[in-house]
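Observations on the model geometry
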2 protein chains.
Amino acid sequence: MLHQQNIGLQRKMSRYWGDIVKKLTPYEPGEQPKNSLLLKLNTNENPYGPSPKVMEAIKSSVQESLRLYPDPESNELRGSIANYYGLTKSNVFVGNGSDEILAFIFQGLLKKDLPIFFPDITYSFYPVYCGLYDIKYKTIPLDAELKINFSDYKKDNGGIIFPNPNAPTGTPKSLDEIEELLKINKDSVVVVDEAYVDFGTESSVNLVTRYKNLVVTQSMSKSRSLAGMRVGFAFADQGLIEALSRIKNSFNSYPVDRLAQAAGIAAINDKGYFTKTRKNIIEARTFLEKELLEMNFETLPSGANFVFTRHRIKNGNEIFKKLRDSGILVRHFNKPERISQYLRITIGTMKQMKQLISILKPQ
Amino acid sequence: MLHQQNIGLQRKMSRYWGDIVKKLTPYEPGEQPKNSLLLKLNTNENPYGPSPKVMEAIKSSVQESLRLYPDPESNELRGSIANYYGLTKSNVFVGNGSDEILAFIFQGLLKKDLPIFFPDITYSFYPVYCGLYDIKYKTIPLDAELKINFSDYKKDNGGIIFPNPNAPTGTPKSLDEIEELLKINKDSVVVVDEAYVDFGTESSVNLVTRYKNLVVTQSMSKSRSLAGMRVGFAFADQGLIEALSRIKNSFNSYPVDRLAQAAGIAAINDKGYFTKTRKNIIEARTFLEKELLEMNFETLPSGANFVFTRHRIKNGNEIFKKLRDSGILVRHFNKPERISQYLRITIGTMKQMKQLISILKPQ
């Protein structure tokens, strides 16, 4: 078996690879099962479909004009996002999902002589980007409560990046705390990755007009139910946006297709649907947190559409397997040791949370 | 005025830029005019809309499932493309337009100790990628007839890349010539960029099973009328495909959105529509070539959906301006000097070609 695997790997390798390919350890996304009967609580997707207005906007853009390239600058989409947050278009960048934007940020704003800092337990794509662009980094351990403590970041650095709320822990930092960090860290870029911000965490968006070294990234994948369309955006001073534009125009001038631009515009404009689905998810999270507590789980405070939780006695991997055998997929990270007992559970509908609880409950 | 421009530039710059951003000279795509009354013959889009089956496939994919991430490996799309060309899925890579795939190829397969080679007059994104990834390159002059001559490429190199047919000249190389090159160039990767191959140039796709250093890239933007959807693909030995996958999974695991995957599958499967629209375009090109000859233009032989042409007497920039004043946009490259009299004209419908000719004809 092992022998066969080695042959398989050899067959896949090639003497033509560049050095960077040999060194890479790619990111591994959560499982996307073919079996659609599984309840997917593993990749933090929204349990509600996109707004009906978004579906309508996409359908009405399916026209002969798909033969033409999209607007390379996504002007209307950037304008809509800027308008929503009371900023100007020159403060907004959009990309093919926030992962693409993070890649541009790492390449263009975080490759410096000094190492960049991020938490030891965080979005596992960060060290992958560092590998892709040969960026030095240093991980800063979360504190004893698995939270980010900014006083540990008060050292010379090439940049700082963290998700707010953090992933996979879900714990939020307050706006005051972030502003404190920005006041003491003025010589390098600070990136606040707000993929999950809309579920009860304060956004730092409005700080970008005051701090020229701040980048805030957001995503339409979670709170706007558009993971399938790949639309991410970033906010910053126009000097930093210009840097991202230069990278984009040296990589792929047309990153966001016509239908994704149309979907994004309709999604940002339908505030009613966004508010309603977000409220439902926060209510389902509150309900799940209460039930988990009663079942002897310990759950970190969450400002996200997921919770990070462990049972005080039972083994995390066994709970993961039991759930999978019962048709529910959650995320379990074997490493590092410190979080190996935790499960990251995406918040679904109230009905889905009840289904989850019925399996977790002792028989 | 100059003073104001400098202030504008300064406002856009930032002390937080990484070194790479300062050095970049981004690609400049052809103009995408807001005025939809202009006849766009400047960015090689297809004059026909996507196949009705493609439009239908997209519309029927606009569902609640857009809340879920797309298949990160685009398995069904890769399978359809492989099937079309009689290859296996492990020989096929897909991306967010072939520009994204070219970027991955430059980063993963063309960054070597030796300089890579490409023509001096070619797709102007190639030197931009070299800037983005700090890749050494050497341009090889086209011959006196503005054609690629492979005997000029017989030197040690870090890789070779060229479009077939070449852009913006449109001239094709035969399959025999490309195989000759592959026989003598075995130590580095050879990339054949076939963005325009479907309009009368022989594809090298079937050579990938015999040459482990060959990568062939194609696009759905032109011959499948899907520039607005961003779908590109590449063919190679599975060792090279694995390299591209590693880069992709270290950059953005979900590059192709759900609707783009659905569109791509339907487009590759509708061979009838593809054959018909391609035939129309080749006929319109033949017609235009004949008319240009009669009007004292000199046109390079084209295997693309555009022609590269110059008037034997009249100034290229003046013809460009005259066309623009009459509502027709073509592409004119001021540099290098050697091609400054040429215009690159996208082939449209027969009616559009007649409209163009009526303006070019001496009054």
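What counts as what
Residues numbered from 1 in each chain as written. Chains lettered and ligands numbered in written order. Predicted model: local features only at pLDDT ≥ 70, side-chain atom pairs only at ≥ 80, totals over all residues. Helix = DSSP H or I, 4+ residues; strand = E, 2+ residues; numbered from the N terminus. Rg over C-alpha atoms; globule rule 2.2 N^0.38 Å. Buried ≥ 20, exposed ≤ 12 C-beta atoms within 10 Å, placed from the backbone. Contact = placed C-beta atoms within 7 Å. Nonpolar A, V, L, I, M, F, W, Y, C, P; charged D, E, K, R; others polar. Pairing = 2+ DSSP bridges. Domains from an automatic or database assignment. Axes fitted to C-alpha atoms, helices over the stretch in contact; angles between N-to-C directions. Parallel < 35°, antiparallel > 145°, perpendicular 65-115°, else oblique. Least-squares fit on C-alpha atoms with pLDDT ≥ 70 in both. Core = buried A, V, L, I, M, F, W, Y, C linked by C-beta atoms within 7 Å. Expected span 1.5 Å × (residues − 1). Left-handed = near helix turned anticlockwise from the far one by under 90°.

Focus on the overall build of chain A
For chain A, the helix and strand inventory stands at twelve helices and 13 strands. A compact globule built from 363 residues should have a C-alpha radius of gyration of about 21 Å, and chain A, at 21 Å, falls within 12% of that. Taking the principal axes of the C-alpha coordinates as reference, chain A spans close to 55 × 50 × 45 Å. Residues classed as buried in chain A amount to 53% of the 363 residues present. Contacts in chain A between residues far apart in sequence, at least 24 positions, make up 74% of those at least 6 positions apart.

Digging into the interface of chain A and chain B
Taken together, the contact between chain A and chain B spans 74 residues of the former and 74 residues of the latter. Secondary structure elements with two or more residues in the side of chain A that touches chain B: helix H1 (2-12), helix H2 (19-23), helix H3 (52-61), helix H5 (98-109), helix H6 (125-133), helix H8 (238-248) and helix H9 (258-269) of chain A. For the side of chain A that touches chain B, the leading source of residues is H8 of chain A, giving seven residues. Looking at side-chain class alone, the side of chain A that touches chain B contains 35 nonpolar, 21 polar and 18 charged residues.

Some points on the sheet that holds strand E9 (residues 297-299) of chain A
By way of backbone hydrogen bonds, the strands of a sheet pair with one another, either parallel or antiparallel. Residue and element names in this part refer to chain A. Strand order in the open sheet formed by four strands is E9-E10-E13-E12, with antiparallel pairing between adjacent strands. Two strands lie at the open edges of the sheet, namely E9 and strand E12 (331-332), each paired on one side alone. Direction of pairing for strand E10 (residues 306-311) relative to strand E13 (residues 343-346): antiparallel, over a ladder of four bridges. By the bridge assignment, Phe308 is partnered in E13 with Arg344.

Focus on the domain arrangement of chain A
Residues and elements named next belong to chain A. Split by domain assignment, chain A resolves into domain 1 (33-49 + 272-360) and domain 2 (52-63 + 70-269). Here domain 1 and domain 2 have C-alpha centroids that lie 25 Å from each other. Of the residues lining the interface, 25 residues belong to domain 1; the matching set on domain 2 comes to 18 residues. When residues of the side of domain 1 that touches domain 2 are traced back to their parent elements, those giving at least two are helix H10 (271-294) and E10.

Section: unusual backbone geometry
Going from Lys335 of chain A to Pro336 of chain A, the amide bond is cis rather than trans, its omega being -10°. The residue Pro336 of chain A is located in the loop between E12 and E13 in this model. Cis geometry marks the peptide bond from Asn164 of chain B to Pro165 of chain B; its omega dihedral reads 0°. In this structure, Pro165 of chain B sits in the loop between strand E5 (160-163) and helix H7 (175-184). With phi around 60°, Leu146 of chain A is a residue other than glycine that occupies positive phi space. Positionally, Leu146 of chain A belongs in the loop between strand E4 (137-140) and strand E5 (160-163). Residue Leu146 of chain A is classed as partly exposed on the basis of its 19 C-beta neighbours within 10 Å. One non-glycine residue with positive phi stands out, namely Ser225 of chain A, at about 55°. Of note, Ser225 of chain A is situated in the loop between strand E7 (214-219) and strand E8 (232-236).

Some details on the packing of H5 of chain A against H8 of chain A
Residues and elements named next belong to chain A. For the pair H5 and H8, the least separation of the axes is 9 Å and the interaxial angle reads 105°. One way to sum up the angle between H5 and H8 is to call them roughly perpendicular. Across the interface between the two elements, Phe104, Ile105, Gln107, Gly108 and Leu109 of H5 pack against Leu240, Ala243, Leu244, Ile247 and Lys248 of H8. Across the contact of H5 with H8, the residue classes break down as seven nonpolar, two polar and one charged.

Brief notes about the relation of the copies chain A and chain B
Mapping chain A onto chain B leaves a residual RMSD of 0.0 Å; the transformation is a rotation of 180° accompanied by 0.0 Å of translation along its axis. The transformation relating the two chain copies, once decomposed into turn and shift, fits a two-fold axis. No C-alpha of chain A approaches the rotation axis more nearly than that of Lys59 of chain A, which lies at 2.9 Å. When the interface residues of chain A are mapped onto chain B, 100% of them again lie at the interface, so the same face is used by both copies.

A few points about the sheet that holds strand E9 (residues 297-299) of chain B
All names here are of chain B. Ordered in space as E9-E10-E12, the three strands form an open sheet in which the pairing is antiparallel. Among the strands making up the open sheet, the edge pair consists of E9 and strand E12 (343-346). With direction set aside, neighbouring strand axes in the sheet form an average angle of 35°. Two elements, E9 and strand E10 (residues 306-311), share three bridges in a ladder whose sense is antiparallel. Opposite Thr299, over in E10, you have Thr309 as the bridge partner. Contacts between helix H10 (residues 271-294) and the sheet are confined to E9 and E10, with E9 contributing the most and set at about 140° to the helix.

A few points about the pairing of E8 of chain A
Two faces, one strand: in a regular strand the side chains alternate between the faces of the sheet. All names here are of chain A. Within E8, five of the five residues are buried, leaving the element largely enclosed by the surrounding structure. Going residue by residue along E8, you find Gly232, Ala234 and Ala236 tucked away on one face and Phe233 and Phe235 tucked away on the opposite face as well. The pairing of E7 with E8 spans five bridges and is classified as antiparallel. Within E8, the position partnered with Gln218 by the bridge is Phe233.

Considerations on the nonpolar core
In a soluble, globular protein the nonpolar side chains are often hidden away together inside. Ranked by internal contacts, the top residues of the largest apolar core, which has 215 residues, are Ile105, Val215 and Ala263 of chain A together with Ile105, Val215, Leu244 and Ala263 of chain B. If we skip the residues at most four places from it in the chain, Leu244 of chain B touches Phe93, Ile101, Phe104, Ile105, Gly108 and Ala234 of chain B.

Comments concerning H10 of chain B
Residue and element names in this part refer to chain B. Taking 1.5 Å as the rise per residue, H10 with 24 residues should run 34 Å; its terminal C-alpha atoms sit 35 Å apart, in good agreement. Within the sequence span of H10, burial applies to Thr277, Ile281, Ala284, Arg285, Leu288 and Leu292. Residues of H10 that are buried make contact with E9, E10 and helix H12 (350-360).

Details of the pairing of strand E8 (residues 232-236) of chain B
Relative to E8 of chain B, strand E2 (residues 92-95) of chain B runs antiparallel, the two being bridged by four bridges. Paired with Phe93 of chain B across the bridge in E8 of chain B is Ala234 of chain B.

Details of the packing of H10 of chain B against H12 of chain B
Residues and elements named next belong to chain B. Running from N to C, H10 and H12 point in directions that differ by 15°, and their axes come no closer than 9 Å. Our classification of the angle between H10 and H12 gives roughly parallel. Crossing hand, H10 versus H12: right-handed. Contacts from Ala284, Phe287, Leu288 and Glu291 in H10 reach Met350, Met353 and Ile357 in H12. By residue class, the composition of the contact of H10 with H12 is six nonpolar, no polar and one charged.

Here's the deal with the environment of Phe235 of chain A
Residues and elements named next belong to chain A. Of note, Phe235 is situated in strand E8. Judged by the 27 C-beta atoms lying within 10 Å of it, Phe235 is buried. Between the C-alpha atoms of Phe235 and Lys89, which are 146 residues apart in sequence, the distance is 9.4 Å. The contact partners of Phe235, leaving out residues within four places of it in the chain, are Leu87, Asn91, Val92, Val205, Val208 and Val216.

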